[in-house]
Amino acid sequence: MRTTLRPHKAAVTLTALATLALAGCGGESAKDPQPAPDRELSLKGEKIEVAAVWTGPEQENFTKVLKEFEKRTGATVTFVPAQDPIVNFLGTKIAGGSPPDVAMLPQVGAIQQAAAQKWLKPVGPDAKAQLAANYSRGWQELGAVDGTQYGVYFKAANKSLVWYNTGVFENAGASEPKTWKDFLATAETISASGVTPVSVGGADGWTLTDWFENVYLSQAGPAKYDQLAKHEIKWTDPSVAAALKTLAELFGKPSLIAGGSSGALQTEYPASVTQTFTGGDQPKGAMVFEGDFAAVNIAQTKAEIGKDAKVFPFPKVGDAGTVPVVTAGDAAVALKDTKGAQALLAFLASPDAAKIWAAEGGFLSPNKNLDPAAYPNDVQREIAKALIGAGDDFRFDMSDQMPQSFGGTPGKGEWKALQDFLKNPKDIAGTQARLEADAAKAYKG
């Protein structure tokens, strides 16, 4: 499955990206945003269904965005909870003759798969105008298939971050590591202080794909990353073995992981975050790797972001490695070519819509005309500036670019293989063989 992004430059650090964002003001990003097209649009009496896999705080915050759209247009919008993988959910709905009007797709591969099934409707002129004014070419291309624009990326993620409990770091005399070697040394230092250093949400296989992707991008480089994402090289490639060996330096030491490998495999992602910031300076884990969206889960604890909870970029691997920047996102697509569906896509592509969720936290927008002041704290503002400042210089989540049967299905493909690897990190060759067998089947299909 192809990726729509052209080759990018090497990834750079979070701090450098933030600097770049500030320096870039006045260029393309200074373009005047299009006015939200729905301000004078009447959709009174029209009913719109929007399907997404979001639950909990994410569902609540997205619903606030939909409520604003209702207020402006008079439409009635219903949130439809979807199961993961959402493509299977949509397929069932379409087969039953009741597809939602709009769906939020969390993988590039899902957009391509849905387009290949001819489920999607191209975005209309209003949404296209919003995209042209508010998005870099890279984010527009991610929502396109064979030159036709189908998706509007509303929610993005910087998935190259490590959040940490400042109280634990202070008590242990630890500092933010910049390299993988330093990261492991920091983990040992924290362990010696009496706190388990790393919290891993291994019950959700997607978190393990993120671990792999950051290590692989840093160690193997952008060109190999692109090749593996498109299955132009096999999972039995030596570069994959090297990345797994690096991960095994952490996964192979159960004392460094909260609950050990068995405990991690029973820990779902939300708990991996909250247990890092619960219990003061004696939490179950001192650090947790995941994207900016972890802020939503941190907000469910008593920890204050910027004070009790801070963040550093994923460490670079090896002397020749770079600090990785892996992104992800959720795109709105229309399954019905109705006035309401197209109006909602246009609204979601506007700064007005992004501003609503940004204020709630746990959200990152690829919309370059969203005022950074919309974010609730300096930590999230810096992460947002880094994403916008990167322009097209990023790599999209590898598993999200792959066929969903391999890169995005619980209990199968890459998710299952990496969960098995977490359980037995010595089996590198066996893990590679399973990954390649599953990938070959998925890409052939």
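Residues numbered from 1 in each chain as written. Predicted model: local features only at pLDDT ≥ 70, side-chain atom pairs only at ≥ 80, totals over all residues. Heavy atoms only, no water.

As recorded by an unreviewed UniProt entry, the chain carries the name ABC transporter substrate-binding protein and is attributed to Streptomyces sp. R44.

**Student:** Can you help me understand the pattern of salt bridges in this one?
**Tutor:** Any two side chains of opposite charge can pair, given that their charged atoms come close. Summed over all chains, the structure comprises 15 salt bridges. The residue R72 makes a salt bridge to D352 at a minimum N-O spacing of 3.0 Å. Linking R72 in helix 2 (residues 56-73) with D352 in helix 16 (residues 351-358), this pair joins segments that are 280 residues apart in sequence. Here the salt bridges do not stand alone but share partners, grouping E68, R72 and D352 into one network. (Salt bridge = Lys/Arg side-chain N within 4 Å of Asp/Glu carboxyl O. Helix = DSSP H or I, 4+ residues; strand = E, 2+ residues; numbered from the N terminus.)

**Student:** Would you mind showing me how to read the packing of helix 11 (residues 238-251) against helix 21 (residues 428-444) here?
**Tutor:** Each pair of packed helices gets described by two things: the angle between the helix axes and the distance between those axes. Look at helix 11 against helix 21: their axes get within 10 Å of each other, and the N-to-C directions meet at 125°. In terms of orientation, helix 11 and helix 21 fall into the oblique class. Two packed elements cross with a definite hand, and for helix 11 against helix 21 that hand is right-handed. The segment helix 11 lies against helix 21, with V240, A241, L244 and K245 engaging I428, T431 and Q432. (Axes fitted to C-alpha atoms, helices over the stretch in contact; angles between N-to-C directions. Parallel < 35°, antiparallel > 145°, perpendicular 65-115°, else oblique. Left-handed = near helix turned anticlockwise from the far one by under 90°. Contact = heavy atoms within 4.5 Å.)

**Student:** Looking at this model, I keep getting lost on the side chain of T267. Mind explaining?
**Tutor:** As for its placement among the helices and strands, T267 is situated in the loop between helix 12 (260-265) and helix 13 (269-274). At 2.7 Å, the side chain of T267 and the backbone oxygen of G263 are in polar contact. Discounting residues that sit within four places of it in the chain, T267 has contacts with V200, G201, G202, A203, D204, S272 and Q275. (Polar contact = N/O pair within 3.5 Å; in protein donor to acceptor, adjacent residues only side chain to side chain.)

**Student:** Would you mind showing me how to read helix 9 (residues 205-220) here?
**Tutor:** An α-helical turn contains 3.6 residues, so a residue and the one three or four places further along point in the same direction. Taking 1.5 Å of rise per residue, 16 residues should cover 22 Å, and helix 9 covers 22 Å from first to last C-alpha, within 8% of that figure. Burial within helix 9 is extensive, with 13 of its 16 residues counted as buried. (Expected span 1.5 Å × (residues − 1). Buried < 20%, exposed > 50% of the residue type's maximum accessible area, 1.4 Å probe, protein only.)

**Student:** Please clarify how the nonpolar core should be interpreted in this entry.
**Tutor:** Note that soluble globular proteins tend to have their nonpolar side chains buried in a common cluster. Formed by 87 residues in total, the largest nonpolar core has its most connected members in F62 and W163. Broken down by element, the residue count for this core peaks at seven residues, all from helix 15 (residues 339-348). Residues A172, F183, L228 and A248 belong to the second largest nonpolar core, which totals 55 residues. (Core = buried A, V, L, I, M, F, W, Y, C linked by side-chain atoms within 4.5 Å.)

**Student:** Could you clarify how one ought to interpret the pairing of strand 11 (residues 326-334) in this entry?
**Tutor:** Every other side chain in a regular strand lies on the same face of the sheet, so the side chains alternate between the two faces. Within strand 11, nine of the nine residues are buried, leaving the element largely enclosed by the surrounding structure. Here strand 11 shows a buried face lined by V326, A328, D330, A332 and A334 and a second buried face lined by T327, G329, A331 and V333. Alignment of strand 3 (residues 102-105) against strand 11, held across four bridges, turns out to be antiparallel. Across the sheet, the residue bridging to M104 is A332, located in strand 11. Bridge count between strand 6 (residues 152-158) and strand 11: six bridges; the pairing is antiparallel. Residue A157 lies in a different strand from strand 11, and its bridge partner there is A328. When strand 11 meets strand 12 (residues 395-396), the two strands line up parallel, connected through two bridges. Along strand 12, the bridge assignment pairs T327 with F396. (Pairing = 2+ DSSP bridges.)

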